[in-house]
Amino acid sequence: MKNFTKSTAICCLLFLFTLQTKAQFGNALSYDLTASQFTTMPSGIVSGIPNGTSFTIEAWVYWRGGGDYQRIFDFGFGTDAFMYLTPSNGAGVAFGFKIPGHAERQIFTNSKLPINTWSHVAVVVDYGYFDGFGTPSGFLYVNGNRVVFGGLYDYDGGPPVVVTPYYPSALADASETNWLAHPRSGFNPYFDGIIDELRISNTIRYSGATYTVPTTPFTLPAANTLALYHFDEGTG
């Protein structure tokens, strides 16, 4: 497993995952819903992104289906500060973002992630996009198609309009826990599927209505790549 943050290698802790050769590229991490398998990622994996810096989180995901609100990833602390990606919130693929003292903001599609097949999923958070009320805005892509976008801020009154933008730095805390496949709430199920080629970037990797889905593994060095995991080795 490889993770690079500013060209520095960092290990992450792996709990009860299965190294799966049925990967999009090479090997991948396979999670069994019934075994409550998950992966713990390093602190600061997104909370270290400076305020106002747009970012992209993307991965190849093979979902086997099951209950709603399984987590592909869930970064943050407690139940008051987090961001997560789920293959289904009951309606469709969803990205949720919450900061302390403010409501959760969620953008979601009208269809769930396809099951038993590989999908490239990307979340882009753009701090330069103004939707008429405030910034930032989140964009959710599935298999090269922008399927939804929406504001990631809290409306704090007006006039004049006052908004609180949601920054990943708000997820920093001594109790920060960043997971793959692990739900933050005990009421939600663990993820049932496979995750490959997780990349976090401090830039907008995709824009517009469509993009060409990557056909090869991501490589380093690469400008603006904060973290890259191929999940090819069996140990951290």
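Refer to the structure presented above.
Residues numbered from 1 in each chain as written. Predicted model: local features only at pLDDT ≥ 70, side-chain atom pairs only at ≥ 80, totals over all residues. Heavy atoms only, no water.

S.K.: Got a minute to help me understand the pairing of strand S12 (residues 118–126) in this structure?
M.R.: Moving residue by residue along a regular strand, the side chains alternate between the two faces of the sheet. Within S12, nine of the nine residues are buried, which leaves the element mostly enclosed by the surrounding structure. Residues Trp-118, His-120, Ala-122, Val-124 and Asp-126 line one face of S12 and the alternating positions Ser-119, Val-121, Val-123 and Val-125 line the opposite face, and both faces are buried. Examined bridge by bridge, strand S7 (residues 55–63) and S12 share eight bridges and lie antiparallel to one another. Looking across to S12, one finds that Tyr-62 is bridged to Trp-118. The sheet contact formed by S12 and strand S13 (residues 137–142) spans six bridges and is antiparallel. Paired with Val-124 across the bridge in S13 is Phe-139. (Buried < 20%, exposed > 50% of the residue type's maximum accessible area, 1.4 Å probe, protein only. Helix = DSSP H or I, 4+ residues; strand = E, 2+ residues; numbered from the N terminus. Pairing = 2+ DSSP bridges.)

S.K.: What am I meant to see in the packing of aromatic side chains here?
M.R.: Two aromatic rings are characterised by how far apart their centres lie and by the angle between their planes. As enumerated under the stated definition, the model contains 18 aromatic pairs in all. On the basis of an interplanar angle of 35° and a centroid distance of 5.9 Å, the ring pair of Phe-82 and Tyr-84 is categorised as tilted. Across from the ring centre of Tyr-84, 4.1 Å away, lies the NZ or CZ of Arg-71, which sits over that ring. Positioned above the aromatic ring of Phe-218 is the side chain of Arg-199, whose terminal nitrogen or guanidinium carbon lies 3.7 Å from the ring centre. (Phe/Tyr/Trp six-rings, centres within 6.5 Å; stacked < 30°, edge-to-face > 60°. Lys NZ or Arg CZ within 6 Å of the ring centre and 35° of its normal.)

S.K.: Is there a simple way to think about the side chain of Asp-154 in this case?
M.R.: Tracing the backbone shows Asp-154 in strand S15 (residues 153–155). Within the local environment of Asp-154, its side chain forms a polar contact with the side chain of Arg-105, the two groups lying 2.6 Å apart. If near-sequence neighbours (up to four positions away) are discounted, Asp-154 is found in contact with His-102, Ala-103, Arg-105, Val-162, Val-163, Thr-164 and Tyr-166. (Polar contact = N/O pair within 3.5 Å; in protein donor to acceptor, adjacent residues only side chain to side chain. Contact = heavy atoms within 4.5 Å.)

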